[in-house]
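# Analysis of the macromolecular model
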Amino acid sequence: MRILITGRQGQVVQALVQRGAQTGFDIKTIGRPEMDMANPGTVLPAMRAAIAAFQPQLVVNAAAYTAVDQAEDEPETAFAINAHSAGEVARAAADAGLPMIQISTDYVFDGTKDGPYLETDTPNPQSVYGASKLEGERLVAAGNAQHLIFRTAWVYSPYGKDFVKTMLRLAETRDEVSVVADQIGNPTSAYDIADGIIAAAKKFEQDPANMPWGTFHLAGPEAMSWAEFATRTFADSAAKGGPAAKVKPVSTADYPTKAKRPANSRLDSSRFALAFGWQAVASEEGLKAVIAAVMAADARQNTGTR
Ligand SMILES: NC(=O)c1ccc[n+]([C@@H]2O[C@H](COP(=O)([O-])OP(=O)(O)OC[C@H]3O[C@@H](n4cnc5c(N)ncnc54)[C@H](OP(=O)(O)O)[C@@H]3O)[C@@H](O)[C@H]2O)c1
């Protein structure tokens, strides 16, 4: 099956490219420079050309403006990329009769619920990033009836910037790291998101007439605080002889950020499991795989091999 995915070096993009190579899916990326989503006018022509050349059976929009704090200062750019361009990607797919998967976020919720969020809960974003992603969901749904919106959370991977690598880098120079302990969410391996996309693609391939279009939560199976996530990261790194530091739990009030983040953004992903017969691997396993890949990449860099 051929899948066209937006973005080039993003965590989810690279994870899907890798999983595609392992599972026989043909994945092609589209992004800058020919399609700069900060300029939504570039999206339709670039998407049309890529669809005509590659003839995909599915389009995935994984490109996004993900700098949550910076988005507070650049709302126009965040909305251009996360909302208007997402809508254009959906339109381009719909024009070609293709289904589309949009990746969205736990930050569409305000965090006040006492329990994991379901797809039926009402979003109420507290940040520009969250609002732009919610508007993206709306425009994708309006632009393409054959849409799947997969909300994920706290993405980590061996690629690009993420919490796990940030912690490992900090531990190289510090004995103790202060980490927020009063925000709870589901850390999600980018490989799990890629595998979830592939599970949905397989279902579409086998039974397109019975696809459960709509919104699904697709996140790691275990909820924890950032401090707990850091503690587990260091434990696993130490077990492999990698960097580790002591975690000092702090509160959100001690660590002010520009964007307001939900205190509870736990996602219940059971609807996804029921619909697509797939669920994310245990957190321990996901983290182990990613830390091993990060350490292997570091070792290759240190020895100058590729
Ligand atoms: N990271 C998280 O913790 C998190 C949490 C919840 C939901 N999500 C959602 O999950 C999805 C994937 O996130 P991620 O962590 O993989 O993101 P990421 O690593 O930050 O990558 C962002 C991707 O978007 C592309 N992009 C950014 N600006 C662009 C522009 N102007 N034109 C074209 N492409 C542009 C980047 O292109 P280049 O390759 O050219 O740099 C990159 O491929 C996003 O929808 C995000 O909102 C992420």
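Here the structure is shown first, and the text comes after it.
Attention here is on the structure that accompanies the text. Please read all numbers here as calculations on a predicted model, not as lab measurements. (Residues numbered from 1 in each chain as written. Predicted model: local features only at pLDDT ≥ 70, side-chain atom pairs only at ≥ 80, totals over all residues. Heavy atoms only, no water.)

## Section: the overall build of the protein
Just so we agree on the cut-off: Numbering of helices and strands runs from the N terminus, with a helix taken as a DSSP run of H or I at least four residues long and a strand as a DSSP run of E at least two residues long. Radius of gyration here uses only the C-alpha atoms, and the compact-globule reference equals 2.2 Å multiplied by the residue count raised to the power 0.38. Burial classes: relative accessible area under 20% of the type maximum marks a residue as buried, over 50% as exposed, and values in between as partly exposed (1.4 Å probe, protein chains only). Contact between two residues is taken to exist if any of their heavy atoms lie within 4.5 Å; hydrogens are not considered. Areas reported as accessible are Shrake-Rupley estimates using a 1.4 Å probe. Residue values count occlusion only from the protein chains shown. Only four residue types enter the tally: Lys and Arg on the positive side, Asp and Glu on the negative side; His and the chain ends are excluded. To locate a charge, take atom NZ for lysine, CZ for arginine, CG for aspartate or CD for glutamate.
Scanning the protein from terminus to terminus reveals nine helices and twelve strands. A compact globule built from 306 residues should have a C-alpha radius of gyration of about 19 Å, and the protein, at 19 Å, falls within 12% of that. Projected onto its principal axes, the C-alpha positions of the protein cover 55 × 45 × 35 Å. Residue burial in the protein is summarised as follows: out of 306 residues, 52% are buried. Across the protein, the fraction of contacts at a sequence separation of at least 24, relative to all contacts at a separation of at least 6, is 82%. Within the structure as shown, the protein displays about 13300 Å² of accessible surface, and the carbon and sulfur contribution to it stands at 51%. When the 29 positive and 34 negative side-chain charges of the protein are each reduced to one mean point, those points stand 4 Å apart.

## Considering the side chain of R232
The condition is simple: In protein, a polar contact requires one atom able to donate a hydrogen and another able to accept it; more generally it is a pair of N or O atoms within 3.5 Å, and residues adjacent in sequence count only if both atoms are side-chain atoms.
Positionally, R232 belongs in helix α7 (residues 226–239). You can call R232 buried: its relative accessible area is 18%. Among the polar contacts listed, one links the side chain of R232 to the side chain of E284, at a separation of 2.9 Å. Beyond its immediate stretch of four places on either side in the chain, R232 contacts E222, M224, S283, E284 and L287.

## Quick notes on the side chain of S283
Mapped onto the fold, S283 is located in helix α9 (residues 283–303). The residues contacting S283, other than those within four sequence positions of it, are Y156, P221, E222, M224 and R232.

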